Amino acid sequence: MSRVLIIGAGGVAAVTVKKCARLPEFFDEIYLASRTVSKCEALQKEIGADRIKGVFAVDADHASEVVKVIKQVKPDLVVNLALPYQDLAIMDACLETGVDYLDTANYEPKDVAKFEYSWQWAYQEKFQKAGLMALLGSGFDPGVTNVYTAYAAKHYFDEIHYLDIVDCNGGDHGKAFATNFNPEINIREITQRGRFWENGEWKETDPLSVREDLDYQNIGVRASYLMFHEELESIVKHFPTLKRARFWMTFGEAYLTHLRVLEGIGMTSIAPIDFQGQQIVPLEFLKAVLPNPGTLAEGYSGMTCIGTYITGIKDGKEKTIFIYNNCDHAACYEEVGAQAVSYTTGVPAMIGAALMLNGTWKKAGVWNMEQFDPDPFMEMLNVHGLPWQVVDVEQSPFKK
Ligand code: NDP
């Protein structure tokens, strides 16, 4: 008998909840809690009260509020699909109540856009002492990309040397400008300085200043920009043979033009300003103006292609492989009423939760995805909507 409490009821959570609801063999009882309880109620109505056993309002910025809900539900696992700002409060609540924890994005303080695992890794001893497990970053990137790396290292190489994670959204939602997941979190991330790992140190670049035109499977050539992404930090720690590790994301010209204008006029700033006697954060205001990512799903066409290029040594010879998934926006909409970016995050969250609940991935402490055996996770990706391919790459598209 397993009982899961999912916190958050946005684009990603809606996918995870629907996927979990179809798998009673892993998830006997599902409970939902979020800041706006009406969103939980809507999901409960859509899926059925037989699968979503209860809904709760919670402000997860406060550990004490989360503790109250956990005490009522008594879950075996808390799946955090709220925002990165809530990670530590929810981890504290899990420690206080003795429950395992899973999330999809590293903690960020609200007042400074800083992407690193230090805050959550600092909980390692507390979780170990309590005999509890925290699984960090069980989305696609981070998440599946970490598992791809572990899978490649286990089955294809004796030693891995070069890693390039590529994230292409080749879809079209028909809007002039919109983000595919929470706009505030997304824009904080992409307006940061670029950062990559090379020869034992982090190197910085100006935001979105390094470009490669890459050919994506079933999509074509797209302009791809180097940026920092949180999985690089844990992957270079856990695979110290890596000489270089980078992350690339595609952006269209129209998207970049909008972004430049919004940045230029101060709309992406997270520093509060005075507006008619009230303190407002420009980026939070911008979020309120932009389309809700959940509403992009209907009519969204095209595919995503997210994958990992890895170059390394096998039997004394150098080789490169690419492991990737294509995900079709329209197919996701048909299956769960979501677009592919929510889907590619929500499904791995379900898989991570299932593996924790059935004891396949189970170890006291705070862990990143690549620290577990990748095989059961890879098998479940194929079964639950995110099939992957491995291709031998004759010539890596990246220069050494
Ligand atoms: P949404 O903004 O759609 O949903 C967030 C949900 O969290 C909303 O229901 C929101 O409630 C709720 N929430 C926000 N603050 C609180 C709070 N203080 N207490 C309780 N609930 C709260 O975001 P997404 O679904 O797009 O993203 C969810 C998470 O997934 C984010 O952490 C994001 O960074 C991560 N992500 C990870 C990816 C990966 O590949 N690893 C890719 C994409 C996203 P309300 O409706 O009231 O605002």
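Residues numbered from 1 in each chain as written. Predicted model: local features only at pLDDT ≥ 70, side-chain atom pairs only at ≥ 80, totals over all residues. Heavy atoms only, no water.

Draft legend 1. Structural view of the overall build of the protein chain. When you go through the protein chain residue by residue, the secondary structure sums to 14 helices and 18 strands. The C-alpha radius of gyration of the protein chain comes to 20 Å, within 12% of the 21 Å expected for a compact globule of 400 residues. For the protein chain, the C-alpha atoms occupy an extent of roughly 55 × 55 × 40 Å along the three principal directions. Counting the 400 residues in the protein chain, one finds 57% classified as buried. For the protein chain, contacts bridging at least 24 residues in sequence account for 71% of all contacts bridging at least 6. Accessible surface, the protein chain: about 16,400 Å² in total, of which carbon and sulfur atoms supply 49%. Taking the average location of the 37 positive side-chain charges in the protein chain and that of its 53 negative ones, the two points are 2 Å from each other. (Helix = DSSP H or I, 4+ residues; strand = E, 2+ residues; numbered from the N terminus. Rg over C-alpha atoms; globule rule 2.2 N^0.38 Å. Buried < 20%, exposed > 50% of the residue type's maximum accessible area, 1.4 Å probe, protein only. Contact = heavy atoms within 4.5 Å. Areas by Shrake-Rupley, 256 points an atom, 1.4 Å probe, with all protein chains shown as cover. Lys, Arg positive; Asp, Glu negative; His and termini not counted. Charge placed at Lys NZ, Arg CZ, Asp CG, Glu CD.)

Draft legend 2. Quick look at the pairing of strand β10 (residues 211-216). Side chains Glu212, Leu214 and Tyr216 of β10 all project onto a buried face; the interleaved residues Arg211, Asp213 and Asp215 project onto a face where none is buried. Sheet topology places β10 next to strand β11 (residues 220-226); 6 bridges connect them, and they run antiparallel. Bridged to Arg211 within β11 is Tyr225. Counted along the chain from β10 to the antiparallel partner β11, the turn is 3 residues long, and its residue Asn218 has a positive phi close to 65 degrees. (Pairing = 2+ DSSP bridges.)

Draft legend 3. Structural context of the packing of aromatic side chains. What the rule picks out here adds up to 18 aromatic pairs. Between Phe26 and Phe27 the ring centres are 6.3 Å apart and the planes differ by 55 degrees, which places this aromatic pair in the tilted class. For the pair formed by Phe26 and Phe27, the shared burial category is buried. Measuring from ring centre to ring centre gives 5.3 Å for Phe251 and Tyr255, while their planes differ by 25 degrees; the resulting arrangement is stacked. A relative accessible area of 9% means that Phe251 is categorised as buried. For Tyr255, a relative accessible area of 15% translates into the label buried. Aromatic ring contacts, followed pair by pair, group Trp248, Tyr309, Phe322, Tyr324 and Phe398 into a single cluster. In this structure, Lys237 packs its charged tip against the face of Trp121, placed 4.0 Å from the ring centre. (Phe/Tyr/Trp six-rings, centres within 6.5 Å; stacked < 30°, edge-to-face > 60°. Lys NZ or Arg CZ within 6 Å of the ring centre and 35° of its normal.)

Draft legend 4. Examining the UniProt feature "domain: Saccharopine dehydrogenase-like C-terminal" (unreviewed entry) in the protein chain more closely. If you check UniProt for "domain: Saccharopine dehydrogenase-like C-terminal" (unreviewed entry), the listed places come out as residues 139-386 in our numbering. In residues 139-386, helix accounts for 34% and strand for 30%; the two terminal C-alpha atoms are 12 Å from one another. (UniProt positions renumbered as here; feature names shortened; annotations may be inferred.)

Draft legend 5. A look at the UniProt feature "domain: Saccharopine dehydrogenase NADP binding" (unreviewed entry) in the protein chain. In the numbering used here, UniProt assigns the feature "domain: Saccharopine dehydrogenase NADP binding" (unreviewed entry) to residues 4-135. Along residues 4-135 the backbone is 42% helical and 20% strand, and the end-to-end C-alpha distance reaches 14 Å.

Draft legend 6. Local environment of the site of the ligand. Around the ligand lies a shell of 28 residues, among which Arg35, Thr36, Lys39, Ala60 and Asn182 are the nearest. At 3.2 Å from an oxygen atom of the ligand is found a main-chain nitrogen or oxygen belonging to Gly10. Contact distances for the ligand include 3.5 Å between a nitrogen atom and a backbone N or O atom of Val58. About the coverage of the ligand: the protein hides 93% of its 930 Å² of free accessible area. The residue makeup of the shell around the ligand, split by class, is 13 nonpolar, 10 polar and 5 charged. Both of domain 1 (3-136) and domain 2 (144-338 + 387-393) provide at least three residues apiece to the shell around the ligand. (Near = heavy atom within 4 Å. Polar contact = N/O pair within 3.5 Å; in protein donor to acceptor, adjacent residues only side chain to side chain. Nonpolar A, V, L, I, M, F, W, Y, C, P; charged D, E, K, R; others polar. Domains from an automatic or database assignment.)

Draft legend 7. How the structure looks around the pattern of salt bridges. Tallied over the entire structure, the rule returns 18 salt bridges. A salt bridge links Glu108 to Arg188; its shortest N-O distance comes to 2.8 Å. Taken together, the positions of Glu108 in the loop between β5 (100-103) and α5 (118-121) and Arg188 in helix α8 (residues 183-190) put the pair 80 residues apart, joining distant regions of the chain. Judged by relative accessible area, which is 2%, Arg188 ranks as buried. Two residues, Lys110 and Glu184, come together in a salt bridge whose shortest N-O distance is 3.9 Å. With Lys110 in the loop between β5 and α5 and Glu184 in helix α8, this pair connects stretches of sequence that are 74 residues apart. Of the residues examined, Lys110 reaches a relative accessible area of 43% and is grouped as partly exposed. (Salt bridge = Lys/Arg side-chain N within 4 Å of Asp/Glu carboxyl O.)

Draft legend 8. Here's a closer look at the domain arrangement of the protein chain. By domain assignment, the protein chain separates into domain 1 (3-136) and domain 2 (144-338 + 387-393). The gap between the C-alpha centroids of domain 1 and domain 2 is 24 Å. Counting from both sides, the interface comprises 20 residues of domain 1 and, opposite them, 17 residues of domain 2. Buried surface at the junction of domain 1 and domain 2, both sides included, amounts to about 1,700 Å², of which 52% is carbon and sulfur. Looking at the side of domain 1 facing domain 2, the largest losses of area belong to Phe115, Tyr117 and Trp121, adding up to 34% of the total buried there. (Buried area = accessible area lost by both parts, 1.4 Å probe.)

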